[in-house]
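Residue-level structural notes
Below are the chains, spelled out letter by letter.
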Amino acid sequence: MQERSRDGVGAPSRVAAAGEGIGQDELALAARNHGLPLEAMRYEVTPAGLHYVLVHYDIPDTLTEVESDTWRLTVHGHLRIPLRLGLRELRALPAVTRRVTMECAGNGRARLSPRPVSQPWLVEAVGTADWTGVPLRTVLAEAGVAADAVEAVFTGADHGVERGVEQDYRRSLPLPVDADVLLAHTMNGGPLPPQHGYPLRLVVPGWYGMAHVKWLRDIELVDAPFRGFQQAVAYRYRQSPEDPGDPVTRIAPRALLIPPGFPDFMSRTRVVHPGPVRLRGRAWSGYGAVVRVEFSSDGGRGWADAELRPRGAHPYAWQGWHADWTATPGSHTLLVRATDGSGRTQPLEQPWNRGGFGNNLVQSVPVVCC
Ligand SMILES: Nc1nc2c(c(=O)[nH]1)N[C@H]1C(S)=C(S)[C@@H](COP(=O)(O)O)O[C@H]1N2
Ligand SMILES: [Mo]
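Residues numbered from 1 in each chain as written. Chains lettered and ligands numbered in written order. Predicted model: local features only at pLDDT ≥ 70, side-chain atom pairs only at ≥ 80, totals over all residues. Heavy atoms only, no water.

In this section: the overall build of the protein chain. When helices and strands are tallied, the protein chain shows five helices and 23 strands. What you see for the protein chain is a C-alpha radius of gyration of 21 Å, in line with the 21 Å of a compact globule of 370 residues. Taking the principal axes of its C-alpha atoms as reference, the protein chain extends roughly 70 × 45 × 40 Å. Total accessible area on the protein chain stands at roughly 16,300 Å², and carbon and sulfur atoms take up 54% of it. (Helix = DSSP H or I, 4+ residues; strand = E, 2+ residues; numbered from the N terminus. Rg over C-alpha atoms; globule rule 2.2 N^0.38 Å. Areas by Shrake-Rupley, 256 points an atom, 1.4 Å probe, with all protein chains shown as cover.)

Here you go:
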C-alpha cells in the first residue's frame, strides 16, 4: 500500500535531553532486537542465531504464506514483462554466494551525546553471513528494464507506523544495480530465519543494513527517484530537523576488538591476568578493503600496527586482525582503529548527526589487569 500520513506526521526524531537515561521506549526496542555478542567475532561467518537483528515493526507471517504456496515476489513497473515468481522458481535460478558483513547504520548511537532516541546500539550491530541467491540483475534482465526506469523500489511484507507515517518497509536503489546485489533465499546454507527476512531478502554488499530489505515481496521499477519515508525522511545525515541531509549509503570503516580476558557480570569490565595477551578482532569498510588496523593500550597516546589479514576471496566480508599486548597490573583502555583503501578512518571524537547514523568512533575497551 501507499504510505499514509496520520496524526503527528512530520514529527522529527527525538534527541534525548542532557543526562536523560535510556527510556522504556528504547528498552522495548533493545529487548526485541539484538546485537552480535562480541566474542562471536571469533567466527569468520557468524552463526545465524548470533547475527545482529534489527526489525522496525513486527516479523510478518511469511511462513504461513510459503506453506500454503501463496507467497510470490512481484516485479512490475517500468519494464517489459511483469513477473510473479514463486519460491521454487527463484530457487531454480542460477545462484551465487557472497560473504557479506552487514552493519546497522545506527550502530554506536547510544554512545552519542546528546543521544538520538532509537534502537540504542553500543557497537555490536554487525554480523557476517554467507548469503546465497539470485543476482537482482538476472531477474531484472528477464523482466526487461524500460529505458525510462531510474530506480528499483523494494517492499517488505512488514507494516507499521513511524513518526506519523503508516507504511510498508520500503527502500530503493538507483539503476543499474551493482552486479553483487542479491535476492537471497539462503543464509549460511539454510533457509533465511524468520527474523532475517524469510523467505527472501535483498542483500546490498557494502551498504548499511537499512538497504537490505527483508521479507521482500515486491520490486517496482520507477521513472522518478523514490521519496518514501525510509529513503527521504529516515536514513539521512541531518544536523537539524530542517536539514535535508545526505542519504545514508555505504558502511564507514570500523575495527572491533574481541574483548580480552573475561567479563565482570554487571559492569562488563574486562579482567585479565598479567602477562602476554593476544588481542583479536575484525575490521571492515563499505568503501573497499581495510588496509591498516592500529591498536593502542594507553587510551590513544601511542599506536602500533596490528597484523591484518588481507581481504582474499571475500571482498565484502570483514578481515581478521591480531596484536600482542603484555598486560601489566592496573587499569588500561584498549583502542583499535581501521583505515580503508579510500583513506577513510575512524575518529577519536565523534561527529554528531540527529539519527545517530554512520557513527564509527573508535571502540574503547576498559580492562583491569590483576
Ligand atoms: N522489511 C524490512 N527490512 C529491513 C528492516 C525492517 O525493519 N524491515 N530493517 C533494516 C535494518 S535498519 C537493518 S540494520 C537490517 C538488519 O538485518 P538483520 O536483522 O538481518 O541483521 O535489515 C534492514 N531490512
Ligand atoms: Mo539498521
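Next comes the rest of the account.
Attention now moves to the pattern of salt bridges. For the structure shown, the criterion picks out 17 salt bridges. Across the pair Asp168 and Arg170 runs a salt bridge, and its minimum N-O distance is 3.5 Å. Across the pair, Arg170 and Asp168 agree in class, each one buried. For the salt bridge of Asp178 with Arg250, the shortest nitrogen-to-oxygen distance reads 3.6 Å. One end of the pair, Asp178, is in the loop between strand E7 (165-174) and strand E8 (182-187); the other, Arg250, is in the loop between strand E13 (246-247) and strand E14 (254-257), and 72 residues separate them in sequence. One network of salt bridges, in which partners are shared, links Glu44, Arg99, Asp130, Arg282 and Arg309. (Salt bridge = Lys/Arg side-chain N within 4 Å of Asp/Glu carboxyl O. Buried < 20%, exposed > 50% of the residue type's maximum accessible area, 1.4 Å probe, protein only.)

Our next topic: the site of ligand 1. Close to ligand 1 lie 19 residues; Tyr52, Asp158, His196, Arg201 and Lys214 are nearest. One of the side-chain nitrogen or oxygen atoms of His196 is found 2.6 Å away from an oxygen atom of ligand 1. For ligand 1, a nitrogen atom lies 3.1 Å from a polar atom in the backbone of His212. Bound to the protein, ligand 1 loses 100% of the 530 Å² it would expose on its own. (Near = heavy atom within 4 Å. Polar contact = N/O pair within 3.5 Å; in protein donor to acceptor, adjacent residues only side chain to side chain.)

Turning our eyes to something else, we now look at the confidence of the model for the protein chain. Looking at the protein chain as a whole, the pLDDT averages 97, with 99% of positions reaching at least 70. Considering each helix and strand of the protein chain separately, the mean pLDDT is smallest for strand E1 (residues 4-5), with a value of 85, and largest for strand E10 (residues 201-203), with 99. (pLDDT = per-residue confidence, 0-100.)

Our next topic: the packing of aromatic side chains. Taken as a whole and assessed by the stated rule, the structure comprises three aromatic pairs. Between the aromatic rings of Tyr52 and Trp121, the centroid separation amounts to 5.9 Å while the plane-to-plane angle is 85 degrees, which identifies the pairing as edge-to-face. Taken together, the residues Tyr52 in the loop between helix H1 (24-32) and helix H2 (62-67) and Trp121 in the loop between strand E4 (96-103) and strand E5 (126-135) connect sequence positions 69 residues apart. On the accessibility criterion, Tyr52 (5% relative accessible area) is buried. On the numbers, 5.9 Å between centres and 55 degrees between planes, the contact of Trp284 with Trp318 is tilted. Placement of the pair is Trp284 in strand E17 (residues 275-284) and Trp318 in the loop between strand E20 (307-308) and strand E21 (319-327), with a sequence separation of 34 residues. In this structure, Arg337 is placed above the aromatic ring of Trp303, and the distance from its NZ or CZ to the ring centre is 4.1 Å. A cation sits over an aromatic face here: Arg344 above Tyr287, 3.5 Å from the ring centre. (Phe/Tyr/Trp six-rings, centres within 6.5 Å; stacked < 30°, edge-to-face > 60°. Lys NZ or Arg CZ within 6 Å of the ring centre and 35° of its normal.)

Spatial strand order, E15-E16-E23-E22-E18-E19: six strands in an open sheet with mixed pairing. Both outer strands of the open sheet, strand E15 (262-263) and strand E19 (304-305), are each paired with one neighbouring strand and no more. Sheet analysis places strand E18 (residues 290-296) next to strand E22 (residues 330-340), joined by six bridges and oriented antiparallel. In the sheet register, Val293 faces E22, and the bridge partner there is Ala338. (Pairing = 2+ DSSP bridges.)

Bringing the nonpolar core into the picture now. Among the nonpolar cores identified, the biggest contains 53 residues, and Leu73 and Ile219 are the most heavily contacted of them. Each of domain 1 (4-247) and domain 2 (254-369) accounts for three or more of the residues forming this core. The residues touching Ile219, leaving out its near neighbours within four places in the chain, are Leu73, Thr74, Val75, His76, Leu136, Ala152, Val153, Phe154 and Leu183. (Core = buried A, V, L, I, M, F, W, Y, C linked by side-chain atoms within 4.5 Å. Domains from an automatic or database assignment. Contact = heavy atoms within 4.5 Å.)

What follows deals with the pairing of E5. Summarising burial for E5: 10 of the 10 residues are buried, a large majority. With eight bridges joining them, E4 and E5 adopt antiparallel strand pairing. Opposite Arg98, over in E5, you have Trp131 as the bridge partner. Across five bridges, the pairing between E5 and E8 is antiparallel. Residue pairing for E8: Thr132 is matched across the bridge by Thr186.

With mixed pairing, the six strands of this open sheet are ordered in space as E1-E7-E6-E11-E2-E3. In the strand order of this sheet, the two ends are held by E1 and strand E3 (83-85), each with one partner. Together, strand E2 (73-77), E3, strand E6 (151-162) and strand E11 (216-222) form the strand contacts of helix H4 (residues 136-143), whose direction differs from that of E3 by roughly 135 degrees. (Axes fitted to C-alpha atoms, helices over the stretch in contact; angles between N-to-C directions.)

Examined against the element boundaries, Thr101 turns out to sit in strand E4. Residue classification places Thr101 among the buried positions, given a relative accessible area of 3%. Of note is the side chain of Thr101, whose polar atom sits 2.7 Å from the backbone nitrogen of Trp318. Setting aside residues no more than four positions away along its own chain, Thr101 makes contact with Val126, Gly127, Thr128, Ile251, Trp284, Tyr316, Ala317 and Trp318.

Here we come to unusual backbone geometry. The peptide bond linking Ser113 to Pro114 adopts the cis configuration, its omega dihedral lying at -5 degrees. When you line up the elements, Pro114 lands in the loop between E4 and E5. One non-glycine residue, Asn188, lies in the positive phi region at around 50 degrees. With phi around 65 degrees, Arg268 is a residue other than glycine that occupies positive phi space. Of note, Arg268 is situated in the loop between E15 and strand E16 (270-272).

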